[in-house]
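Residue strings, one per chain:
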Number of protein chains: 2
Amino acid sequence: MHPEQPADRGPSASRGPRLTDHKGPTARDVARLAGVSASTVSRVLNDSGTTLISPSTCERVRAAAAELGYSPHPLARALRGKHTQLIGLIAREIEDPFFAHFISTLSTQARALGYQIVLGHAQSDPSQALQMTAVLDARHCDGVLLLGDLRDDGAATEEILRQRRAVLALCRGQSPGPIPTINTDNRHGMRLLLDHLYTLGHRRLAFINGGWLGDIHERREAFLEYSQLSGLEVTPDDIRTDSNNLDGGYRALVELMQAPRRPTAVLASDDVMALGALKAALDLGLRVPADISITGFDDIEMARFTSPALTTVRQPVEAMSRQALAWLMRLIQGELPSEAEQAATVPPALVIRQSTGPAPR
Amino acid sequence: MHPEQPADRGPSASRGPRLTDHKGPTARDVARLAGVSASTVSRVLNDSGTTLISPSTCERVRAAAAELGYSPHPLARALRGKHTQLIGLIAREIEDPFFAHFISTLSTQARALGYQIVLGHAQSDPSQALQMTAVLDARHCDGVLLLGDLRDDGAATEEILRQRRAVLALCRGQSPGPIPTINTDNRHGMRLLLDHLYTLGHRRLAFINGGWLGDIHERREAFLEYSQLSGLEVTPDDIRTDSNNLDGGYRALVELMQAPRRPTAVLASDDVMALGALKAALDLGLRVPADISITGFDDIEMARFTSPALTTVRQPVEAMSRQALAWLMRLIQGELPSEAEQAATVPPALVIRQSTGPAPR
DNA sequence: TCTGCCTTTGCCAGCGCTTCCAGGTGCAGG
DNA sequence: CCTGCACCTGGAAGCGCTGGCAAAGGCAGA
């Protein structure tokens, strides 16, 4: 048996320079090349308006920086300047198309403002959200956005507040908590749907929802309240709670149809559950909307592409995102949230498609 | 007109302490409280195995740290230690359910390894990808993952490589480039679909795809190659290129059906386009699969929930993600990629559902 | 009792950047 | 010719952390 020969082609992985040992050029390097000091480099590159630099020096520094491909070390700069240009985003979900779209929108708009999104994915798990707050540390992100409600995330919320940080919540319902919040007007959205269905002659309604999360809870309460206002009888059997996903919607509708008193219309707490319910209805041989009407909430893109296309309520994602970022910028600037701004509500819009129709018979 | 009175309730926003001025406790603070030096605090909290700290000191430091709620400043630590525990992820898309699922999976697995994902959203725009590389700086992220192919992202790629960083690409097709890549075996996937359709008696096939991106390109080439191997005639009209989304799939199928020579089966380059195509077929009054078979690629969750459910090929997301992270960890550790590991391919699986059936007539 | 070693801890430098402060130059006015 | 004032620029400190080096203390062996 031959003793193992050390590899001979180039530096071995364990001995050679590590990939990550690579250091970019520093301000000192640029300074040396330009024949100035590091502080001058910093001033030139930051346009420090207070002090003027002579045009020639300015030019020389820029040339040197360009030649070396220099860009300031983001960590060092942040450590010094207290700004990271990063926004932490803790999202309840990311695979849900509604959230995906929201994240995408936020990301685009944030970039336009010179910020990046650091995505913390809570996976519908409050303990992970808490863990996230540790990572999306006050000192790592200039601000934090919370997207979607998490059950029992009180601890996470407290932790964030303890750090006295710029933080804003989205789509978590009008929580009584101390975090400024932006919501779709969930009650109004449900109202639009109920009016629509009532006008179509539906009197037996059911609601399927995905748990007791803040905004979902609001929709459920609004459903109950407005049904009763309209004189509709709603029994506990008419409300079904299941997982907040396609399978959950599917199961919930199957169960509803096994009950003795079948609804003529089913409202889902969100589009994803509605798509699951739609599939279930079709699998059961029901015609939609001839036999049963189905509605969603959110208006995800897929809602246009089912057969039949889904009647739903559109959440104003663009507007909410824009407002959230504008607001967060001000918090980051140091403005304290005024009382009046603790909660904002943006109106949704009814989108009528083919999954709703006149009540049968 | 009264002169405006300065607000009098509490410190005004512009004068008061800024929200972001808040400083957490530092190692010095802990040291002072525990009656030791800052370096001792550092050693205790980092379990620096080399030097032992007396149990009593250890205890005192931990108590002090707990009391102050101290955690080391991530930026300072990273600046010193050269590790940020952050992985940059530049994704071609985030709203596409396949990518959303992939991102979610990566995020979960990365967290288990002690890393966070910083999401850079390229929005199918190569110039944004380049911009991302600047943000997801070598010094900001320990490593970078590229998810999905971007047309003409050569500049971005070069920039990343110039920084000699740990970087890995996913789902971009077997590019000849110098970046290690992990791919689904797209050719094999297409082969499975074609065999399936051929067995069902289909002889007139069409392909709709969303552009000339790497992995999509591979699928298209495989479609062409295997069709010809099977003796099928494929004309340019049988291949339609449109946007890589639901609308694109819809339009592509409508156009296909306007052609004189209608296919009996349509293969889409991914599930999203397939869903659009499915909707179009149903809108045109076609029965699926009686009149036309439709297949996708990816196996997103929604594929199970259309009516009829979509026959497709499942990409092994879990496995690819796991392999990508394991590999990236080693790159971050400093191992240089070996020649053999420049490209890995993971086999996909055929998932037969209801959108495919025997060829008509 | 003294020497020497080992354990435990503190000091200090420095990661790369920004910014206050002070110093140096040039030019105009006295 | 000297003084003063702009205007530019360099020096140095320090953000919070880590790690090498060395010193202080304790104890055992001679």
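Residues numbered from 1 in each chain as written. Chains lettered and ligands numbered in written order. Predicted model: local features only at pLDDT ≥ 70, side-chain atom pairs only at ≥ 80, totals over all residues. Heavy atoms only, no water.

**Some thoughts on the protein's contact with DNA strand D**
Neighbouring DNA strand D are 26 residues, the closest being Thr57(A), Arg80(A), Ala27(B), Tyr70(B) and Arg80(B). For DNA strand D, the backbone portion of the atoms within 4 Å of the protein, that is sugar and phosphate, comes to 62%. Here a phosphate oxygen of DNA strand D sits 2.5 Å away from a polar atom, N or O, in the side chain of Thr40(A). Arg43(B) places a polar side-chain atom, nitrogen or oxygen, 3.2 Å from a base oxygen of DNA strand D. Sort the elements by how many residues they give to the surface near DNA strand D and helix 2 (residues 38-46) of chain B lands first, with four residues. (Near = heavy atom within 4 Å. Polar contact = N/O pair within 3.5 Å; in protein donor to acceptor, adjacent residues only side chain to side chain. Helix = DSSP H or I, 4+ residues; strand = E, 2+ residues; numbered from the N terminus.)

**A word on helix 8 (residues 186-199) of chain B**
All names here are of chain B. With 14 residues, helix 8 should reach 20 Å at 1.5 Å per residue; the first-to-last C-alpha distance of 20 Å fits that figure. Listing the buried residues of helix 8 in full gives Asn-186, Gly-189, Met-190, Leu-193, Leu-194, His-196 and Leu-197. Seen end-on, helix 8 carries its buried residues on one side only, within an arc spanning 160 degrees. Phi turns positive one or two residues past the end of helix 8, at Gly-201, with a value near 100 degrees. (Expected span 1.5 Å × (residues − 1). Buried < 20%, exposed > 50% of the residue type's maximum accessible area, 1.4 Å probe, protein only. Arc of directions from axis to C-beta.)

**Description of the protein's contact with DNA strand C**
Around DNA strand C sit 27 residues in total, of which Ala27(A), Arg80(A), Thr40(B), Thr57(B) and Arg80(B) are the nearest. Of all elements in the fold, only helix 2 (38-46) and helix 4 (74-81) of chain A together with helix 2 and helix 4 (74-81) of chain B reach the threshold of two or more residues within the surface near DNA strand C. By residue number, the principal contributor to the surface near DNA strand C is helix 2 of chain A, which donates four residues. In terms of residue class, the surface near DNA strand C is made up of eight nonpolar, 12 polar and seven charged. (Nonpolar A, V, L, I, M, F, W, Y, C, P; charged D, E, K, R; others polar.)

**Things to note about unusual backbone geometry**
Put simply, Val288(A) and Pro289(A) share a cis peptide bond, and its omega is 10 degrees. Residue position: Pro289(A) is located in the loop between helix 11 (271-283) and strand 9 (293-295). Between Ser307(A) and the following residue, Pro308(A), the backbone shows a cis peptide bond with an omega angle of -5 degrees. Mapped onto the elements of the fold, Pro308(A) is located in the loop between strand 9 and strand 10 (312-314). Here the phi dihedral of Gln85(B) falls at roughly 60 degrees; this positive angle occurs in a residue that is not glycine.

**Quick notes on the packing of aromatic side chains**
The final tally for this structure, using the stated rule, is eight aromatic pairs over all chains. Seen in terms of ring centroids, Phe98(A) and Phe102(A) are 5.8 Å apart; in terms of plane orientation they differ by 85 degrees. Their pairing is edge-to-face. Taken together, the residues Phe98(A) and Phe102(A), both in helix 5 (residues 97-112) and four residues apart, mark about one turn of the helix. Each member of the aromatic cluster is reached from another via a ring pair, and the members are Phe98(A), Phe99(A) and Phe102(A). Just above the ring of Phe297(B) sits the side chain of Arg219(B); from NZ or CZ to the centre is 3.9 Å. (Phe/Tyr/Trp six-rings, centres within 6.5 Å; stacked < 30°, edge-to-face > 60°. Lys NZ or Arg CZ within 6 Å of the ring centre and 35° of its normal.)

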